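Geometric and topological summary
As a plain string of letters, each chain reads:
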Amino acid sequence: MVKNLTEGKPLKLLFFFALPMVLGNLFQQLYNMVDSMVVGKFVGEDALAAVGSSFPIVFLAVAIASGLSMGCTVVISQLFGAGRIMEMKTTVYTALVALGIIGIGIMVLGEILAAPLLQLLGTDPDIMADSLIYLRIYFGGAIFLFLYNSLNGIYNALGDSKTPLLFLIISAITNIVLDLVFVIYFQMGVAGVSWATLIAQGACAVVSFVVLMKRLRCMENEEENRGKKPAIFHYDAVKKIAKVGVPSIIQQSVVSVSMMCMQGLVNSYGKVFVAGYTAATKIDTLSMMPNINFSNAMSSYTAQNIGAGKEERVREGYHACIFMLTIFSVVLTGLIFLCGPNLLGLFLNTGTEGGAMGYGLSYMKTVSLFYAVMGILFVSNGLLRGAGDMKAFLISSMSNLFMRVIIAYSLSYFIQERAIWISIPVGWTIGAIYSYLRVRSGKWKNKNL
């Protein structure tokens, strides 16, 4: 259902708007974990390594899709909030056409470059064949990946976070069932997992597209454009989407590069440390979900209200989001301090991986103390992104990521592995200070797209 985010109490509105996003991410994590479990248990360690070795390349494709999706969300939200329905429809159609074309381009490039990219990453010859199969099937469905992300962004822009959740649940269940059928029954190995993802995501994208088209046809244009048909493609809409989408792609790509830099430092401390770090970051990723989803909710909320000329209402929503995330942060930090060994025990055997458990607990207890700071960073960046203040958004994100890598490598000479988890809250703090001061300055109000 289309929802106007420019009316109603901000705290209640944002909570119930973000909640389906959080649940959706949990389902996404669930079927990603099932993918790994099915491959690891029923195919073997080499197959699991083959899927894992493809992750940096897959992440880059997802970064491009997510960045462009965010561009769509912000522009469409502002137009919807301003009541410019005719222009909003044109932007939706333009976004779907443009992203479909880009998806096809990525699909072709992926098929051609899959082998060279895997060689560039130094993929082990023993798993090269499986890695190549996985990547080529994955890129074969790139158009669905782009449509899937853009459609989710469009629904959120219209204030509807429940419909994408429903589609995601259906997609997750379909993916899990197909994983089991293809891998166990048909014994398709790595190809079975990639085909399961492609089919589930493709079917979800098609159904989501059909529902959105019906919904747009039912939305009446503003009075001066009654009876007129929106254009299917417009260059001005592409420019507006690119203004938000390109910086978002850059930010996501830098995230990918910084992850690889940090992983290189992590690997230098040996496999026991890597095991503890990996287990801790899995729990950390789950703990970050409220921040990520409230940030996305804040973007849509900000964009709609700026479009409606309600800048002061944006501030009310900003304070409401920070209040809610502070509560989430305190609860999550408490859980980690009380149940840390039990949470890590989901991934580590306490009897044989005592060293790994110690590393993981040290990481979690240090980082979790700063979850509230991370909340300020994410919500502030969500506001800046929703306002179209992409230069400030990019500076905040880059300062966080670059400082994290610089501090980790610099301090590692003095305090060894502890430098890694100290660098993370320092990066959050630097980024949060900049984005918070930018929000307080009010300069984002002049960035309306």
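In what follows, the accompanying structure is described. (Residues numbered from 1 in each chain as written. Predicted model: local features only at pLDDT ≥ 70, side-chain atom pairs only at ≥ 80, totals over all residues. Heavy atoms only, no water.)

The number of helices and strands found in the chain is 15 helices and zero strands. Residue burial in the chain is summarised as follows: out of 449 residues, 54% are buried. Long-range pairs, those at least 24 residues apart, make up 83% of the contacts in the chain with a sequence separation of at least 6. Per element, the accessible surface of the chain, about 19800 Å² overall, is 67% carbon and sulfur. (Helix = DSSP H or I, 4+ residues; strand = E, 2+ residues; numbered from the N terminus. Buried < 20%, exposed > 50% of the residue type's maximum accessible area, 1.4 Å probe, protein only. Contact = heavy atoms within 4.5 Å. Areas by Shrake-Rupley, 256 points an atom, 1.4 Å probe, with all protein chains shown as cover.)

Moving on to the side chain of Thr333. Tracing the sequence through the fold places Thr333 in helix H11 (residues 311-344). Reaching out from Thr333, the side chain makes a polar contact with the backbone oxygen of Ser329 at a distance of 2.8 Å. Contacts of Thr333, omitting those with residues within four sequence positions, involve Ser368, Leu369 and Tyr371. (Polar contact = N/O pair within 3.5 Å; in protein donor to acceptor, adjacent residues only side chain to side chain.)

We now examine the packing of helix H6 (residues 142-157) against helix H7 (residues 162-185). Between H6 and H7, the shortest axis-to-axis distance is 9 Å and the interhelical angle comes to 150°. Relative to H7, the element H6 is oriented roughly antiparallel. When H6 is examined against H7, the residues Tyr148, Asn152, Tyr155 and Asn156 are found in contact with a partner set consisting of Thr163, Pro164, Phe167, Leu168 and Ser171. Of the residues assigned to the contact of H6 with H7, the class counts are five nonpolar, four polar and no charged. (Axes fitted to C-alpha atoms, helices over the stretch in contact; angles between N-to-C directions. Parallel < 35°, antiparallel > 145°, perpendicular 65-115°, else oblique. Nonpolar A, V, L, I, M, F, W, Y, C, P; charged D, E, K, R; others polar.)

Let us look at the side chain of Asn221. Tracing the backbone through its elements, the reader meets Asn221 in the loop between helix H8 (190-218) and helix H9 (235-267). Classification of Asn221 by relative accessible area gives buried; the value is 7%. Here Lys89 takes part through its side chain, which lies 3.2 Å from a polar atom of the side chain of Asn221. A polar contact of 3.0 Å, which involves the side chain of Asn221, links it to the backbone oxygen of Lys228. Once residues within four sequence positions are removed from consideration, Asn221 is found in contact with Ile85, Met86, Lys89, Arg226 and Lys228.

Let us look at a nonpolar patch on the surface. Together, Ile173, Val177, Val181, Tyr185, Phe186, Met188, Trp195 and Ile199 line one region of the surface with nonpolar side chains, adding up to about 770 Å² of accessible area. For the nonpolar patch, the secondary-structure elements that each account for two or more residues are H7 and H8. With four residues, H7 is the single largest residue contributor to the nonpolar patch. Mapped onto the elements of the fold, Trp195 is located in helix H8. Residue classification places Trp195 among the partly exposed positions, given a relative accessible area of 38%. (Patch = residues over 30% accessible without salt bridge, like charges linked within 9 Å, V, L, I, M, F, W, Y side chains within 5 Å. Salt bridge = Lys/Arg side-chain N within 4 Å of Asp/Glu carboxyl O.)

Grouped together as the largest cluster of nonpolar side chains are 48 residues, with contacts concentrated most on Ile76, Met88, Leu96, Leu212 and Leu216. Where this core is concerned, the elements lending two or more residues are helix H3 (55-81), helix H4 (85-120), helix H5 (125-140), H6, H7, H8 and H9. Considering each element in turn, this core owes the most residues, eleven residues, to H4. Apart from the residues within four sequence positions on either side, Leu96 is in contact with Leu147, Ser150, Leu151, Ile154, Phe209, Leu212 and Met213. Listed in part, the 30 residues of the second largest apolar core include Leu13, Leu14, Met21 and Met70. (Core = buried A, V, L, I, M, F, W, Y, C linked by side-chain atoms within 4.5 Å.)

Moving on to the pattern of salt bridges. In total, this model carries six salt bridges according to the counting rule given. Of the charged contacts in the structure, one is a salt bridge between Asp236 and Lys239, with a shortest N-O distance of 3.7 Å. In this pair, Asp236 and Lys239 both sit in helix H9, three residues apart, roughly one turn of the helix. Overall, Asp236 belongs to the partly exposed group, its relative accessible area being 39%. The exposure class assigned to Lys239 is partly exposed, which follows from its relative accessible area of 46%. One salt bridge in this structure joins Arg438 and Asp389, with 2.8 Å as the shortest N-O distance. With a gap of 49 residues between them, Arg438 in helix H15 (residues 418-441) and Asp389 in the loop between helix H13 (371-387) and helix H14 (390-415) connect regions that are remote in the sequence. Considered together, Arg438 and Asp389 belong to a single accessibility category, that of buried residues. Bridged by salt links that share partners, the residues Arg84, Glu87 and Lys240 form one connected network.

Before going further, it helps to spend a moment on the packing of H13 against H14. Interhelical geometry of H13 versus H14 gives an angle of 155° and a closest axis separation of 8 Å. It follows that H13 is roughly antiparallel to H14 by the angle criterion. Crossing angle aside, the handedness with which H13 passes H14 is left-handed. For the pair formed by H13 and H14, the contact residues are Leu377, Asn381, Leu384 and Arg385 on the first element and Met390, Ala392, Phe393, Ser396, Ser397 and Asn400 on the second. Classifying every residue of the contact of H13 with H14 gives five nonpolar, four polar and one charged. (Left-handed = near helix turned anticlockwise from the far one by under 90°.)

Applying the stated criterion across every chain yields a total of nine aromatic pairs. Look at Tyr138 and Phe139: their rings are 6.0 Å apart centre to centre, the planes differ by 85°, and that puts the pair in the edge-to-face class. With centroids separated by 4.9 Å and ring planes inclined at 90°, the aromatic side chains of Tyr185 and Phe186 adopt a geometry described as edge-to-face. Classification of Tyr185 as exposed rests on a relative accessible area of 65%. The partly exposed category is assigned to Phe186, whose relative accessible area is 48%. Through a chain of ring-to-ring contacts, the aromatic side chains of Tyr134, Tyr138 and Phe139 assemble into a single cluster. (Phe/Tyr/Trp six-rings, centres within 6.5 Å; stacked < 30°, edge-to-face > 60°.)

For the rest of this paragraph, the subject is H15. Over its 24 residues, H15 extends 36 Å from the first C-alpha to the last, a length consistent with the 34 Å expected when each residue adds 1.5 Å. The first or second residue beyond H15 is Gly442, which carries a positive phi of 80°. (Expected span 1.5 Å × (residues − 1).)

Given a rise of 1.5 Å per residue, 16 residues ought to cover 22 Å, and the 23 Å separating the end C-alpha atoms of H5 matches this to within 8%. Of the positions making up H5, those classed as buried are Ile127, Met128, Ser131, Leu132, Tyr134, Leu135, Ile137, Tyr138 and Phe139.

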